[in-house]
Amino acid sequence: MNAGLISLQSAADLLKRGQLVAFPTETVYGLGADATNAVAVARIFEAKQRPTFDPLIVHVADTAQVELVVSHFPVTAQRLACEFWPGPLTLVLRKRDSIPDLVTAGLPGVGIRIPRHPLALELLKRAGCPVAAPSANPFGGISPTTARHVVDGLGKKVDGVVDGGPCAVGLESTVLSLMNERPILLRHGGCPREDIERVIGQIDIASPDANQDDAAQPAPGMLSRHYAPGTRLMLIEHNGLAKPIDGLRCGLLTAGKQPFRGLFSGIETLCDDLNLQTCASKFFAAMRTLDASDLDVIIAHQFPAYGLGVALNDRLRRAAQGQ
Ligand code: TXA
Ligand code: MG
(Lines give C-alpha, C1' and ligand atoms only; values in the text may rest on other atoms or scores of the structure.)
(Ligands and ions follow the chains in the order given, each with its own letter.)
Protein backbone atom coordinates (compact mmCIF):
# COMPACT_ATOMS: atom_id res chain seq x y z
CA MET A 1 0.00 0.00 0.00
CA ASN A 2 3.00 2.28 -0.38
CA ALA A 3 1.03 4.67 -2.55
CA GLY A 4 0.48 7.84 -0.56
CA LEU A 5 3.04 7.20 2.21
CA ILE A 6 5.40 10.15 2.57
CA SER A 7 8.32 11.32 4.72
CA LEU A 8 7.93 13.69 7.62
CA GLN A 9 9.68 16.50 5.73
CA SER A 10 7.43 16.12 2.68
CA ALA A 11 4.44 16.16 5.01
CA ALA A 12 5.63 19.37 6.67
CA ASP A 13 6.19 20.97 3.24
CA LEU A 14 2.73 19.93 2.04
CA LEU A 15 1.12 21.41 5.16
CA LYS A 16 2.95 24.70 4.61
CA ARG A 17 1.59 24.74 1.04
CA GLY A 18 -2.03 24.32 2.20
CA GLN A 19 -2.30 20.61 1.38
CA LEU A 20 -3.89 17.80 3.42
CA VAL A 21 -1.69 15.35 5.30
CA ALA A 22 -2.72 12.41 7.47
CA PHE A 23 -0.40 11.77 10.40
CA PRO A 24 -0.24 9.54 13.46
CA THR A 25 -1.06 10.77 16.93
CA GLU A 26 -1.15 8.65 20.08
CA THR A 27 -4.98 8.64 19.91
CA VAL A 28 -5.96 8.11 16.27
CA TYR A 29 -4.61 9.28 12.89
CA GLY A 30 -5.48 12.90 12.12
CA LEU A 31 -6.28 14.54 8.76
CA GLY A 32 -4.28 17.74 9.06
CA ALA A 33 -4.21 21.14 7.40
CA ASP A 34 -2.70 24.51 8.33
CA ALA A 35 -5.23 25.81 10.89
CA THR A 36 -4.64 29.42 9.85
CA ASN A 37 -5.45 28.72 6.18
CA ALA A 38 -9.24 28.72 5.70
CA VAL A 39 -9.02 27.25 2.18
CA ALA A 40 -6.92 24.32 3.40
CA VAL A 41 -9.29 23.78 6.33
CA ALA A 42 -12.27 23.76 3.98
CA ARG A 43 -10.65 20.87 2.10
CA ILE A 44 -10.73 18.80 5.32
CA PHE A 45 -14.52 19.17 5.53
CA GLU A 46 -14.81 18.26 1.85
CA ALA A 47 -12.52 15.20 2.08
CA LYS A 48 -14.34 13.83 5.12
CA GLN A 49 -17.82 14.90 3.98
CA ARG A 50 -18.08 16.45 7.42
CA PRO A 51 -20.83 18.95 8.33
CA THR A 52 -19.43 22.40 9.04
CA PHE A 53 -21.25 22.64 12.39
CA ASP A 54 -18.71 20.12 13.77
CA PRO A 55 -15.54 21.99 14.84
CA LEU A 56 -11.95 20.77 14.42
CA ILE A 57 -9.24 20.27 17.02
CA VAL A 58 -6.07 22.33 16.55
CA HIS A 59 -2.74 20.60 17.25
CA VAL A 60 0.39 22.46 18.32
CA ALA A 61 3.97 21.48 19.18
CA ASP A 62 4.45 23.41 22.43
CA THR A 63 2.90 25.91 24.83
CA ALA A 64 4.49 28.85 22.98
CA GLN A 65 2.36 27.88 19.95
CA VAL A 66 -0.72 27.62 22.18
CA GLU A 67 -0.48 31.37 22.72
CA LEU A 68 -0.75 31.92 18.96
CA VAL A 69 -4.09 30.09 18.88
CA VAL A 70 -5.84 31.08 22.12
CA SER A 71 -6.32 34.58 23.46
CA HIS A 72 -6.46 33.53 27.10
CA PHE A 73 -4.74 30.58 28.82
CA PRO A 74 -6.35 30.45 32.27
CA VAL A 75 -4.70 28.92 35.34
CA THR A 76 -6.95 25.82 35.22
CA ALA A 77 -5.82 25.21 31.64
CA GLN A 78 -2.19 25.66 32.62
CA ARG A 79 -2.49 23.12 35.41
CA LEU A 80 -4.13 20.59 33.09
CA ALA A 81 -1.56 21.26 30.37
CA CYS A 82 1.25 20.77 32.86
CA GLU A 83 -0.19 17.41 33.90
CA PHE A 84 -1.51 15.95 30.64
CA TRP A 85 0.30 17.58 27.67
CA PRO A 86 1.63 16.22 25.49
CA GLY A 87 -1.29 13.79 25.60
CA PRO A 88 -4.90 12.86 24.82
CA LEU A 89 -6.64 15.89 26.35
CA THR A 90 -8.21 18.65 24.23
CA LEU A 91 -9.03 21.94 25.97
CA VAL A 92 -11.59 24.36 24.54
CA LEU A 93 -10.33 27.91 25.13
CA ARG A 94 -11.14 31.36 23.74
CA LYS A 95 -9.70 31.60 20.21
CA ARG A 96 -7.62 34.29 18.56
CA ASP A 97 -8.76 35.96 15.32
CA SER A 98 -5.94 34.20 13.43
CA ILE A 99 -7.97 30.98 13.66
CA PRO A 100 -10.68 31.02 10.94
CA ASP A 101 -14.29 30.58 12.07
CA LEU A 102 -14.54 27.46 9.94
CA VAL A 103 -12.16 25.67 12.34
CA THR A 104 -14.45 26.30 15.33
CA ALA A 105 -17.78 26.10 13.47
CA GLY A 106 -18.29 29.78 14.30
CA LEU A 107 -17.86 29.27 18.06
CA PRO A 108 -15.73 31.58 20.19
CA GLY A 109 -13.81 28.61 21.63
CA VAL A 110 -11.15 26.52 19.92
CA GLY A 111 -10.26 22.93 20.83
CA ILE A 112 -6.49 22.61 21.21
CA ARG A 113 -4.00 19.94 22.28
CA ILE A 114 -0.34 18.97 22.14
CA PRO A 115 -0.25 15.35 20.93
CA ARG A 116 2.20 12.85 22.44
CA HIS A 117 3.26 10.88 19.34
CA PRO A 118 6.90 11.76 18.52
CA LEU A 119 6.19 11.92 14.76
CA ALA A 120 3.23 14.26 15.33
CA LEU A 121 5.38 16.53 17.49
CA GLU A 122 8.21 16.58 14.95
CA LEU A 123 5.76 17.25 12.10
CA LEU A 124 4.20 20.17 13.98
CA LYS A 125 7.64 21.61 14.69
CA ARG A 126 8.76 21.33 11.08
CA ALA A 127 5.49 22.70 9.66
CA GLY A 128 5.72 25.65 12.06
CA CYS A 129 1.97 26.27 11.99
CA PRO A 130 -0.91 25.07 14.17
CA VAL A 131 -2.55 22.09 12.46
CA ALA A 132 -6.31 21.50 12.45
CA ALA A 133 -7.00 17.77 12.34
CA PRO A 134 -10.09 15.65 12.81
CA SER A 135 -9.76 11.88 12.78
CA ALA A 136 -8.67 10.80 9.28
CA ASN A 137 -11.79 8.83 8.30
CA PRO A 138 -14.91 9.55 6.28
CA PHE A 139 -17.43 11.33 8.53
CA GLY A 140 -19.34 9.09 10.94
CA GLY A 141 -17.19 6.03 10.31
CA ILE A 142 -14.68 4.13 12.43
CA SER A 143 -11.62 6.17 13.44
CA PRO A 144 -8.28 5.08 11.89
CA THR A 145 -5.55 3.68 14.14
CA THR A 146 -3.13 2.66 11.35
CA ALA A 147 -1.92 4.28 8.12
CA ARG A 148 -3.63 1.46 6.21
CA HIS A 149 -7.01 2.44 7.73
CA VAL A 150 -6.46 6.00 6.47
CA VAL A 151 -5.60 4.90 2.94
CA ASP A 152 -8.56 2.49 2.87
CA GLY A 153 -10.97 5.20 4.01
CA LEU A 154 -9.77 8.37 2.30
CA GLY A 155 -7.59 7.14 -0.57
CA LYS A 156 -6.64 9.98 -2.94
CA LYS A 157 -8.58 12.61 -0.99
CA VAL A 158 -5.47 13.05 1.17
CA ASP A 159 -2.24 14.42 -0.35
CA GLY A 160 0.02 12.18 1.75
CA VAL A 161 0.07 9.88 4.77
CA VAL A 162 2.82 9.62 7.40
CA ASP A 163 3.03 6.07 8.72
CA GLY A 164 3.76 5.89 12.45
CA GLY A 165 2.49 2.37 13.13
CA PRO A 166 -0.56 1.59 15.27
CA CYS A 167 -1.77 4.26 17.71
CA ALA A 168 -0.90 3.54 21.35
CA VAL A 169 -4.00 5.00 23.01
CA GLY A 170 -6.46 4.07 20.24
CA LEU A 171 -9.36 6.32 21.32
CA GLU A 172 -9.79 10.02 20.52
CA SER A 173 -8.80 12.67 23.04
CA THR A 174 -11.04 13.72 25.89
CA VAL A 175 -12.57 17.15 25.14
CA LEU A 176 -12.94 19.55 28.08
CA SER A 177 -14.38 23.04 27.70
CA LEU A 178 -12.96 25.79 29.89
CA MET A 179 -15.14 28.49 28.31
CA ASN A 180 -17.37 28.85 31.36
CA GLU A 181 -16.76 29.11 35.07
CA ARG A 182 -17.15 25.37 35.57
CA PRO A 183 -15.20 23.03 33.31
CA ILE A 184 -17.48 20.82 31.19
CA LEU A 185 -16.47 17.49 29.70
CA LEU A 186 -17.78 17.42 26.12
CA ARG A 187 -16.39 14.06 25.00
CA HIS A 188 -15.03 11.10 26.93
CA GLY A 189 -11.71 9.93 25.54
CA GLY A 190 -8.15 8.87 26.18
CA CYS A 191 -7.71 10.96 29.33
CA PRO A 192 -10.13 9.53 31.92
CA ARG A 193 -12.45 11.84 33.87
CA GLU A 194 -11.04 10.59 37.19
CA ASP A 195 -7.53 11.71 36.21
CA ILE A 196 -8.78 15.21 35.33
CA GLU A 197 -10.75 15.51 38.56
CA ARG A 198 -7.68 14.57 40.55
CA VAL A 199 -6.04 17.75 39.24
CA ILE A 200 -8.89 20.32 39.14
CA GLY A 201 -11.68 18.82 41.24
CA GLN A 202 -15.18 17.90 40.12
CA ILE A 203 -16.19 18.62 36.53
CA ASP A 204 -19.59 18.63 34.81
CA ILE A 205 -20.43 16.22 32.01
CA ALA A 206 -22.37 17.57 29.02
CA SER A 207 -25.30 15.37 28.09
CA PRO A 208 -26.80 15.21 24.61
CA ASP A 209 -30.35 16.51 24.23
CA ALA A 210 -32.48 13.66 22.86
CA ASN A 211 -35.07 16.15 21.53
CA GLN A 212 -32.60 18.05 19.35
CA ASP A 213 -31.02 17.05 16.08
CA ASP A 214 -27.24 16.80 15.72
CA ALA A 215 -26.72 20.42 14.64
CA ALA A 216 -28.53 21.81 17.70
CA GLN A 217 -26.87 19.83 20.49
CA PRO A 218 -25.63 21.71 23.59
CA ALA A 219 -22.06 20.98 22.51
CA PRO A 220 -21.00 20.50 18.89
CA GLY A 221 -19.98 17.04 17.81
CA MET A 222 -22.42 15.32 20.17
CA LEU A 223 -23.54 13.26 17.25
CA SER A 224 -25.89 10.47 18.14
CA ARG A 225 -24.58 8.06 15.50
CA HIS A 226 -20.81 8.03 15.09
CA TYR A 227 -17.76 5.75 15.03
CA ALA A 228 -20.06 3.29 13.29
CA PRO A 229 -19.41 0.06 11.37
CA GLY A 230 -21.64 -0.81 8.39
CA THR A 231 -22.68 -4.04 10.11
CA ARG A 232 -25.51 -3.98 12.66
CA LEU A 233 -24.16 -3.72 16.21
CA MET A 234 -25.89 -5.07 19.33
CA LEU A 235 -24.63 -4.30 22.82
CA ILE A 236 -24.90 -6.49 25.87
CA GLU A 237 -24.06 -5.45 29.38
CA HIS A 238 -20.67 -5.99 30.91
CA ASN A 239 -20.40 -9.62 32.04
CA GLY A 240 -23.75 -10.49 30.37
CA LEU A 241 -23.95 -13.82 28.54
CA ALA A 242 -23.34 -13.35 24.79
CA LYS A 243 -25.13 -15.79 22.46
CA PRO A 244 -25.41 -15.78 18.65
CA ILE A 245 -28.84 -15.15 17.13
CA ASP A 246 -30.37 -18.14 15.33
CA GLY A 247 -30.07 -17.99 11.56
CA LEU A 248 -27.70 -15.01 11.52
CA ARG A 249 -23.95 -14.84 11.01
CA CYS A 250 -22.85 -13.27 14.28
CA GLY A 251 -19.52 -11.81 15.37
CA LEU A 252 -18.44 -11.16 18.94
CA LEU A 253 -16.43 -8.23 20.26
CA THR A 254 -15.35 -8.99 23.80
CA ALA A 255 -12.59 -8.55 26.36
CA GLY A 256 -11.38 -10.40 29.41
CA LYS A 257 -13.16 -13.57 30.45
CA GLN A 258 -16.73 -12.41 29.89
CA PRO A 259 -19.20 -15.22 29.26
CA PHE A 260 -20.34 -16.35 25.82
CA ARG A 261 -21.89 -19.53 24.48
CA GLY A 262 -22.59 -20.96 21.02
CA LEU A 263 -20.97 -20.63 17.63
CA PHE A 264 -19.85 -17.17 16.48
CA SER A 265 -18.59 -16.64 12.92
CA GLY A 266 -15.86 -14.31 14.17
CA ILE A 267 -14.55 -13.41 17.61
CA GLU A 268 -12.33 -10.46 18.52
CA THR A 269 -11.02 -10.62 22.09
CA LEU A 270 -9.39 -7.27 22.82
CA CYS A 271 -7.43 -8.44 25.82
CA ASP A 272 -7.33 -11.52 28.07
CA ASP A 273 -7.27 -9.72 31.40
CA LEU A 274 -9.50 -6.71 30.63
CA ASN A 275 -6.67 -4.18 30.75
CA LEU A 276 -8.58 -1.12 29.52
CA GLN A 277 -5.56 0.52 27.92
CA THR A 278 -4.94 -2.55 25.81
CA CYS A 279 -8.66 -2.77 24.99
CA ALA A 280 -8.70 0.88 23.85
CA SER A 281 -5.61 0.47 21.67
CA LYS A 282 -7.19 -2.46 19.82
CA PHE A 283 -10.84 -1.35 19.79
CA PHE A 284 -11.27 0.39 16.43
CA ALA A 285 -9.09 -2.13 14.55
CA ALA A 286 -11.13 -5.02 15.98
CA MET A 287 -14.36 -3.27 14.98
CA ARG A 288 -13.02 -2.92 11.43
CA THR A 289 -12.00 -6.58 11.28
CA LEU A 290 -15.48 -7.70 12.32
CA ASP A 291 -17.09 -5.17 9.98
CA ALA A 292 -15.12 -6.71 7.08
CA SER A 293 -16.08 -10.29 8.01
CA ASP A 294 -19.36 -10.50 6.14
CA LEU A 295 -21.46 -10.75 9.30
CA ASP A 296 -25.17 -10.00 9.81
CA VAL A 297 -24.60 -8.65 13.27
CA ILE A 298 -21.79 -7.82 15.68
CA ILE A 299 -22.55 -8.52 19.34
CA ALA A 300 -20.37 -6.49 21.71
CA HIS A 301 -19.78 -6.75 25.43
CA GLN A 302 -19.77 -3.38 27.14
CA PHE A 303 -16.85 -2.36 29.35
CA PRO A 304 -16.72 -1.63 33.08
CA ALA A 305 -17.86 1.97 33.64
CA TYR A 306 -14.64 3.49 34.96
CA GLY A 307 -11.42 4.86 33.49
CA LEU A 308 -11.13 4.29 29.73
CA GLY A 309 -14.17 1.97 29.95
CA VAL A 310 -16.39 5.07 29.97
CA ALA A 311 -15.02 6.31 26.62
CA LEU A 312 -15.14 2.78 25.17
CA ASN A 313 -18.82 2.43 26.16
CA ASP A 314 -19.54 5.86 24.68
CA ARG A 315 -18.04 4.77 21.32
CA LEU A 316 -20.01 1.50 21.44
CA ARG A 317 -23.30 3.24 22.19
CA ARG A 318 -22.87 5.79 19.42
CA ALA A 319 -21.79 3.11 16.96
CA ALA A 320 -24.98 1.17 17.77
CA GLN A 321 -27.31 4.21 17.55
CA GLY A 322 -30.03 4.37 14.94
CA GLN A 323 -29.45 0.91 13.51
O1 TXA B 1 -7.73 12.44 19.51
C2 TXA B 1 -8.31 13.30 18.85
O3 TXA B 1 -8.98 14.19 19.37
C4 TXA B 1 -8.18 13.19 17.33
C5 TXA B 1 -6.72 13.41 16.96
C6 TXA B 1 -6.49 13.51 15.49
O7 TXA B 1 -6.24 14.52 17.65
N8 TXA B 1 -9.04 14.14 16.69
C9 TXA B 1 -10.38 13.99 16.69
O10 TXA B 1 -11.05 14.97 16.01
O11 TXA B 1 -10.97 13.08 17.23
P12 TXA B 1 -12.57 14.85 15.58
O13 TXA B 1 -12.78 15.94 14.60
O14 TXA B 1 -12.86 13.49 15.08
O15 TXA B 1 -13.38 15.23 16.86
C16 TXA B 1 -13.37 16.58 17.28
C17 TXA B 1 -14.45 16.82 18.27
C18 TXA B 1 -15.67 17.53 17.71
O19 TXA B 1 -16.57 16.65 17.13
C20 TXA B 1 -16.22 18.21 18.94
O21 TXA B 1 -16.94 17.25 19.66
C22 TXA B 1 -14.98 18.57 19.72
O23 TXA B 1 -13.95 17.73 19.25
N24 TXA B 1 -14.55 19.96 19.50
C25 TXA B 1 -13.57 20.41 18.69
N26 TXA B 1 -13.48 21.75 18.72
C27 TXA B 1 -14.44 22.17 19.57
C28 TXA B 1 -14.89 23.46 20.00
N29 TXA B 1 -14.33 24.58 19.56
N30 TXA B 1 -15.90 23.50 20.88
C31 TXA B 1 -16.47 22.37 21.32
N32 TXA B 1 -16.11 21.12 20.94
C33 TXA B 1 -15.11 21.02 20.08
MG1 MG C 1 -13.77 11.78 14.44
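What counts as what
- Residues numbered from 1 in each chain as written.
- Chains lettered and ligands numbered in written order.
- Predicted model: local features only at pLDDT ≥ 70, side-chain atom pairs only at ≥ 80, totals over all residues.
- Heavy atoms only, no water.
- Near = heavy atom within 4 Å.
- Polar contact = N/O pair within 3.5 Å; in protein donor to acceptor, adjacent residues only side chain to side chain.
- Areas by Shrake-Rupley, 256 points an atom, 1.4 Å probe, with all protein chains shown as cover.
- Helix = DSSP H or I, 4+ residues; strand = E, 2+ residues; numbered from the N terminus.
- Nonpolar A, V, L, I, M, F, W, Y, C, P; charged D, E, K, R; others polar.
- Pairing = 2+ DSSP bridges.
- Domains from an automatic or database assignment.
- Contact = heavy atoms within 4.5 Å.
- Buried area = accessible area lost by both parts, 1.4 Å probe.
- Salt bridge = Lys/Arg side-chain N within 4 Å of Asp/Glu carboxyl O.
- Buried < 20%, exposed > 50% of the residue type's maximum accessible area, 1.4 Å probe, protein only.
- Phe/Tyr/Trp six-rings, centres within 6.5 Å; stacked < 30°, edge-to-face > 60°.
- Lys NZ or Arg CZ within 6 Å of the ring centre and 35° of its normal.

*Asks:* When you look at the site of ligand 1 in this model, what are you seeing that I'm missing?
*Replies:* As a matter of local geometry, ligand 1 sits amid 25 residues, with T27, D54, H59, G109 and S173 nearest to it. G109 places a polar main-chain atom, nitrogen or oxygen, 2.7 Å from a nitrogen atom of ligand 1. Within the complex, the protein chains bury 97% of what would otherwise be the 680 Å² of accessible surface of ligand 1. Residue contributions to the shell around ligand 1 peak at four residues, all from strand 5 (residues 109–113). For the shell around ligand 1, a count of residues per class yields 12 nonpolar, eight polar and five charged.

*Asks:* Teacher, can you tell me more about the sheet that holds strand 1 (residues 21–23) here?
*Replies:* What holds strands together in a sheet is hydrogen bonding between their backbones, with the strands either parallel or antiparallel. Pairing in this open sheet of 10 strands is mixed, and the strands run 7-1-2-6-3-5-4-8-9-10 from one edge to the other. Bordering the open sheet on either side are strand 7 (160–161) and strand 10 (204–205), each of which pairs with just one other strand. As defined by bridge partners, strand 2 (residues 30–34) adjoins strand 6 (residues 131–132) across two bridges and the pair is classed as antiparallel. Its bridge partner being in strand 6, D34 is matched across the sheet by V131.

*Asks:* So what exactly am I meant to see when it comes to the domain arrangement of the chain here?
*Replies:* Interfaces are frequently sized by the accessible area removed from exposure as the parts join. According to the domain assignment, the chain consists of domain 1 (2–210) and domain 2 (232–320). A straight line from the C-alpha centre of domain 1 to that of domain 2 covers 27 Å. Every contact between the two is made by 18 residues of domain 1 and, on the other side, 17 residues of domain 2. Of the roughly 1,400 Å² buried where domain 1 meets domain 2, counting both sides, 62% is carbon and sulfur surface. Area buried by domain 1 at its contact with domain 2 is led by I142, L171 and H188, which between them contribute 43% of it. For E172, the salt bridge identified is with R315, shortest N-O distance 2.8 Å. Summed over the shared surface of domain 1 and domain 2, the result is seven residue pairs in polar contact (both at pLDDT 80 or more).

*Asks:* What should I look at first to understand the environment of G240 in this one?
*Replies:* Structurally, G240 can be placed in the loop between strand 11 (232–236) and strand 12 (250–254). Judged by its relative accessible area of 14%, G240 is buried. Along the backbone, G240 and M179 are 61 residues apart, and their C-alpha atoms lie at a distance of 40 Å. What G240 contacts, discounting residues up to four positions off in sequence, is P259 and H301.

*Asks:* Help me understand the packing of aromatic side chains, please; the structure alone is not making it clear to me.
*Replies:* Each aromatic ring pair is specified by the distance between its two centres and by the angle formed by the two planes. Going through the model one piece at a time under the given rule, you end up with five aromatic pairs. Between F73 and W85, the aromatic rings sit 6.3 Å apart at their centres with planes inclined by 15°, giving stacked as the arrangement. Linking F73 in the loop between helix 3 (63–69) and helix 4 (75–84) with W85 in the loop between helix 4 and strand 4 (89–94), this pair joins segments that are 12 residues apart in sequence. Where F260 meets F264, the ring centres are 6.1 Å apart and the plane angle is 75°; that geometry is what we call edge-to-face. The rings of Y227, F283, F284 and F303 are connected pair by pair, giving a single aromatic cluster. Note that R315 overlies the ring of Y227, its terminal NZ or CZ placed 4.7 Å from the centroid.

*Asks:* So what exactly am I meant to see when it comes to the pairing of strand 14 (residues 297–301) here?
*Replies:* Consecutive side chains of a regular strand alternate in pointing toward one face of the sheet and then the other. The buried fraction of strand 14 is high, at five of five residues. Of the two faces of strand 14, the one lined by V297, I299 and H301 and the one lined by I298 and A300 are each fully buried. Pairing between strand 11 and strand 14: five bridges, direction parallel. Bridge pairing in strand 14 places M234 opposite I299. Pairing geometry for strand 12 and strand 14, over four bridges, is parallel. Residue pairing for strand 14: L253 is matched across the bridge by A300.

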